[in-house]
Amino acid sequence: MDLGKAIKKLPEHEPRADLWERIDADLRADAAIDRALDDLPVLEPKADAWEQIAGKLEAEATPVRPLWARSLRWVAAAAVVLLMIGIGRVWQADSDEKVTIAYATETVEIEPESGPEPLAPAADQKAERFIREQCAQQTVVCQKPEVKELKYQLDELNTRKAGLAEQLALFGNDPVLVQAQIKIENERAEVTKELVRILTI
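Computed from a prediction, not measured in an experiment: that's the story for all the values here.

> For this particular structure, what's the right way to read the overall build of the protein chain?
Within the protein chain, the secondary structure is distributed over 8 helices and 0 strands. Along the protein chain, from the amino end to the carboxyl end, the secondary structure elements read α-α-α-α-α-α-α-α. For the protein chain, the residues scored as buried account for 13% of the 201 residues in total. Taking the contacts inside the protein chain whose residues are at least 6 apart along the sequence as the reference set, 76% of them involve residues at least 24 apart. Surface summary for the protein chain: the accessible area is close to 18000 Å², and the carbon and sulfur share equals 60%.

So this is what it looks like as structure tokens:
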């Protein structure tokens, strides 16, 4: 391709209107810096400046210690510790002192949890009989998921109640077992009341 044709094909570009003023300002700033540099005073260092610097460097230089000297210190410290442990063990072995351990067992009464009052055995049986009778009569209501879930919970709680009764027969009135029994009775009362409420609607 011909260079002249290539130059003609280049796009035209208009410079900014203030371009020459900016160039002129840059040139004036450079000239001002050059004049300021020429006006700076020239300082000569003292004749003995290098000797003073070298003397300070030599004075601050840390002495080089051999590595084995540091290791020797650690070995000595470890030996002292081991010696102290050995003396302590020998001293303990020679001691005629006998150690006795005493312990005591205390029984703490646990406050029952606050919650709904568990049903009396007769009322409990009556409520469960009512639920069975209503489910026999209202099969559609008893097929609802919420009723099925509540009946499942009641069965689970009855199983847990029977298990706890066996444990109480074995271990007596253990506070933890009594507390668990109260909690199960409260949960059973809540579930039974909710079932009765749904079935009487």
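> Which parts of the structure should I look at to understand the nonpolar core?
One recurring pattern in soluble globular proteins is that nonpolar side chains are buried together. Core analysis: the largest hydrophobic core is formed by 16 residues, its most contacted members being Ile131, Val191, Leu195 and Leu199. Those elements that place two or more of their residues in this core are helix 5 (121-137), helix 6 (139-142), helix 7 (145-171) and helix 8 (175-199). Contacts of leucine 195, omitting those with residues within four sequence positions, involve Ile131, Val147, Leu150, Lys151 and Leu154.

> Before we go on, may I ask you to explain the packing of helix 7 against helix 8 in this structure?
As a packed pair, helix 7 and helix 8 sit with axes 9 Å apart at the nearest point and diverge in direction by 155 degrees. The pairing of helix 7 with helix 8 is recorded here as roughly antiparallel in orientation. Crossing handedness for the pair helix 7 and helix 8: left-handed. Along the lines of polarity and charge, the residues of the contact of helix 7 with helix 8 split into 14 nonpolar, 5 polar and 8 charged.

> For this particular structure, what's the right way to read the pattern of salt bridges?
Opposite charge on two side chains allows them to pair when their charged atoms are near. By the definition in use, this model includes 5 salt bridges. Put simply, arginine 188 and glutamate 128 hold a salt bridge, and the shortest N to O gap is 2.7 Å. Of this pair, arginine 188 sits in helix 8 while glutamate 128 sits in helix 5, placing them 60 residues apart in sequence. When its relative accessible area of 18% is taken as the criterion, glutamate 128 is described as buried.

> Please explain the state of the cysteines as it appears in this structure.
Disulfides are covalent bonds that link the sulfur atoms of two cysteine residues. Counted according to the given criterion, the structure contains 1 disulfide. What pairs with cysteine 135 in a disulfide is cysteine 142, and their sulfur atoms sit 2.0 Å apart. Residues cysteine 135 and cysteine 142 are joined by a disulfide whose S-S torsion is about -90 degrees; by sign, that bridge is left-handed. Assessed through its relative accessible area of 11%, cysteine 135 is described here as buried.

> For this particular structure, what's the right way to read the side chain of glutamate 128?
A distance of 2.7 Å separates a polar atom in the side chain of glutamate 128 from a polar atom in the side chain of arginine 188. Filtering out sequence-adjacent residues up to four positions away, glutamate 128 remains in contact with Leu154, Asn158 and Arg188.

> What's the story with the side chain of glutamate 185 in this structure? I'm lost.
Inspection of the secondary structure assignment puts glutamate 185 in helix 8. Only 3.3 Å separates the side chain of glutamate 185 from the side chain of arginine 188, close enough to count as a polar contact.

> What am I meant to see in the confidence of the model for the protein chain here?
Per-residue confidence for the protein chain averages 78 on the pLDDT scale, and 78% of its residues sit at or above 70. Within the protein chain, no element has a lower average pLDDT than helix 4 (residues 67-94), which sits at 73, and none a higher one than helix 7, at 88. Here residues 112-118 scores under 50 on pLDDT; set against residues more than four positions off or in separate chains, the count is 14 contacts.

> Looking at this structure, how should I read a nonpolar patch on the surface?
A cluster of nonpolar side chains, namely Leu19, Trp20, Ile23 and Leu27, defines an oily patch on the protein surface of about 430 Å² accessible area. By secondary structure assignment, the location of leucine 19 is in helix 2 (residues 19-39). Residue leucine 19 is classed as partly exposed on the basis of its relative accessible area, which comes to 31%.

> Quick question: what am I supposed to make of helix 7 here?
Think of an α-helix as 3.6 residues a turn; residues three or four steps apart then line up on the same face. Under the 1.5 Å per step criterion, the end-to-end length of helix 7 is 39 Å for 27 residues, consistent within 8% with the ideal 39 Å. One or two steps after helix 7, the chain reaches glycine 172, where phi turns positive at roughly 80 degrees.

> Is there a simple way to think about the environment of aspartate 155 in this case?
Here aspartate 155 lies in helix 7. Along the chain, aspartate 155 and arginine 188 lie 33 residues apart, while their C-alpha atoms are 9.3 Å from each other.

Analysis parameters
Residues numbered from 1 in each chain as written. Predicted model: local features only at pLDDT ≥ 70, side-chain atom pairs only at ≥ 80, totals over all residues. Heavy atoms only, no water. Helix = DSSP H or I, 4+ residues; strand = E, 2+ residues; numbered from the N terminus. Buried < 20%, exposed > 50% of the residue type's maximum accessible area, 1.4 Å probe, protein only. Contact = heavy atoms within 4.5 Å. Areas by Shrake-Rupley, 256 points an atom, 1.4 Å probe, with all protein chains shown as cover. Core = buried A, V, L, I, M, F, W, Y, C linked by side-chain atoms within 4.5 Å. Axes fitted to C-alpha atoms, helices over the stretch in contact; angles between N-to-C directions. Parallel < 35°, antiparallel > 145°, perpendicular 65-115°, else oblique. Left-handed = near helix turned anticlockwise from the far one by under 90°. Nonpolar A, V, L, I, M, F, W, Y, C, P; charged D, E, K, R; others polar. Salt bridge = Lys/Arg side-chain N within 4 Å of Asp/Glu carboxyl O. Disulfide = S-S within 2.5 Å. Polar contact = N/O pair within 3.5 Å; in protein donor to acceptor, adjacent residues only side chain to side chain. pLDDT = per-residue confidence, 0-100. Patch = residues over 30% accessible without salt bridge, like charges linked within 9 Å, V, L, I, M, F, W, Y side chains within 5 Å. Expected span 1.5 Å × (residues − 1).

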